[in-house]
Amino acid sequence: MTAGGREEAAPLPALGEPTGRPGDPAWYTRRFELVLYVLAGVTYIGFGVFHKWLLNWVVGPIWLVAWIWAAPAIVDRLRGRPGGAR
Amino acid sequence: MSWAAHQFETYAIQAHLPKRWAGRISYLAIVVGDQIPDFVAKFWVYGFDVGGRHYGAAEPFKFHRGWPGAGFSHSLGFALLLVGLVWWFTRSRSWAAGLLLGMAAHSITDINDSVGTMLAFPFSTENFSIGTWAYAATPGGKYLDARAYYSSFGFVMDALWLAILLMTPKVLSERYWRDVVVPADAKVWAWLGRRLPDRVLLAVYRATFFYGLTRMIAWTGWAHLLEPDPLRGWDLTWTGPSWIPAFELSDLSPWVALAVALGFATAIVLSVGRILGPDDDEVDPVTLAD
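These numbers come from a predicted model, not from an experiment. (Residues numbered from 1 in each chain as written. Chains lettered and ligands numbered in written order. Predicted model: local features only at pLDDT ≥ 70, side-chain atom pairs only at ≥ 80, totals over all residues. Heavy atoms only, no water.)

1. Description of the environment of Gly221 of chain B
All names here are of chain B.
At step 1: Along the chain, the position of Gly221 falls in helix H10 (residues 198-226).
At step 2: A residue is classified by how much of its surface remains accessible, and Gly221, at 15% relative accessible area, is buried.
At step 3: Separated by 71 residues in the primary sequence, Gly221 and Tyr150 place their C-alpha atoms 9.2 Å from one another. (Helix = DSSP H or I, 4+ residues; strand = E, 2+ residues; numbered from the N terminus. Buried < 20%, exposed > 50% of the residue type's maximum accessible area, 1.4 Å probe, protein only.)

2. Digging into the interface of chain A and chain B
When the parts come together, some accessible area is lost, and that loss is often what is quoted as the size of the interface.
At step 1: Listed as interface residues are 36 residues of chain A and, on the opposing side, 34 residues of chain B.
At step 2: Counting each side, the surface lost to burial between chain A and chain B is near 3100 Å², with a carbon and sulfur contribution of 66%.
At step 3: Scanning the region where chain A abuts chain B turns up two salt bridges.
At step 4: Linking chain A to chain B there are seven residue pairs in polar contact (both at pLDDT 80 or more).
At step 5: When residues of the side of chain A that touches chain B are traced back to their parent elements, those giving at least two are helix H1 (30-50) and helix H2 (59-78) of chain A. (Contact = heavy atoms within 4.5 Å. Buried area = accessible area lost by both parts, 1.4 Å probe. Salt bridge = Lys/Arg side-chain N within 4 Å of Asp/Glu carboxyl O. Polar contact = N/O pair within 3.5 Å; in protein donor to acceptor, adjacent residues only side chain to side chain.)

3. Overview of the packing of helix H9 (residues 186-193) of chain B against H10 of chain B
Residues and elements named next belong to chain B.
At step 1: Packing of H9 against H10 brings their axes to within 9 Å, and their N-to-C directions diverge by 130 degrees. Here H9 lies oblique to H10, going by the angle between them. Note that H9 runs across H10; the crossing there is right-handed. Together, Trp189, Leu192 and Gly193 of H9 and Leu201, Val204 and Tyr205 of H10 make up the contact between the two elements.
At step 2: Class assignment of the residues belonging to the contact of H9 with H10 gives a composition of five nonpolar, one polar and no charged. (Axes fitted to C-alpha atoms, helices over the stretch in contact; angles between N-to-C directions. Parallel < 35°, antiparallel > 145°, perpendicular 65-115°, else oblique. Left-handed = near helix turned anticlockwise from the far one by under 90°. Nonpolar A, V, L, I, M, F, W, Y, C, P; charged D, E, K, R; others polar.)

4. Some remarks on H2 of chain A
At step 1: In this model H2 of chain A runs 26 Å from its N-terminal to its C-terminal C-alpha over 20 residues, within 8% of the 28 Å that 1.5 Å per residue would give.
At step 2: Its axis deflected by about 35 degrees at Ala70 of chain A, H2 of chain A carries its strongest bend there, up to four residues before the proline Pro72 of chain A.
At step 3: Those residues of H2 of chain A that sit buried are Gly60, Pro61, Trp63, Leu64, Val65, Ile68, Ala71, Pro72 and Asp76 of chain A.
At step 4: Contact partners of the buried residues in H2 of chain A: H1 of chain A together with H10 of chain B.
At step 5: The positive-phi residue at the C-terminal boundary of H2 of chain A is Gly80 of chain A, with phi of around 75 degrees. (Expected span 1.5 Å × (residues − 1). Bend = angle between axes of the 7 residues up to and from the residue.)

5. A few points about the pattern of salt bridges
At step 1: Evaluated as defined, the whole model comprises 11 salt bridges over all chains.
At step 2: Two residues, Lys42 of chain B and Asp38 of chain B, come together in a salt bridge whose shortest N-O distance is 3.9 Å. Taken together, the positions of Lys42 of chain B and Asp38 of chain B, both in helix H2 (residues 27-46) and four residues apart, correspond to about one turn of that helix.
At step 3: A cluster of three or more residues bridged by salt bridges with shared partners is formed by Arg21, Asp24 and Glu33 of chain A together with Glu174, Arg178, Asp198 and Arg199 of chain B.

Next up, the structure:
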């Protein structure tokens, strides 16, 4: 069962397929999500080495969560389809 | 002290829980437990500046790990006290067990630096250390500490925990999170799930790994690529690096420290077993996610 209460039995979708999770836009694939994780990591390291106050246990986890949370909504907005991502 | 090892060890513990405990111990509690020892002490170790004046411990290693000081935060006694309080207020076996495992992991990992931890507090205020690398926190802030740690066996310790974690990469998978992590802490994840989409919850679960990996890369890259110091480079010798004084609080043999750490770990395992009690539904933490 998922955190939101959805029964889980089917296998996870392939990398290029939509995640199918509640709250994810229809275009949101696992590959896109992987890219987001990598981008979050690269940007955090990039900013962190020059602004070391960012390298702490509060900002670090929030950095990733913010990327994963906000990026789909931002993409939706840029495409002119707000409301797709929760 | 240890750096990213404290992030990686939480997943390593989660992935290698005995079958009878899988799905019964809160991963979030393991993370919180692993943070608590330094949360209690660390703010004063490096200190902070206000109006050009520095506030913090004059001798960080004594404050952080000694007595009088905050050294009790890295001990069995403190862990049991805190777990007792959590149990008293919440009656949650999964949180009590998770907190205990997290705090124990942190305290045992930190015996690797030259100062070590007061594992046996309150029965003893002796510090137990095997001196794998130099404890290097100074009132000057974390830069020198970071450079020393990521030039010594501290880096190797982080890499070792990362390797142990990556031996069971499924622990980071969505399937594992759904099938093992969420059921062990159903109320908390359900509460979060009413406010956040699943992809964000999954990111919350993976965030500790993200932070550990990125801080390890960032500090190592800074110390050896971006701003290398020819006088303060790599030194993979015991209790290294030799270019910084290795603070100590005890002259006990490392073998004694190892024996005490083993006893400490045994006491923790027995305590977790007592907290969780018997269970008929045994699940495999790794194969369950297949």
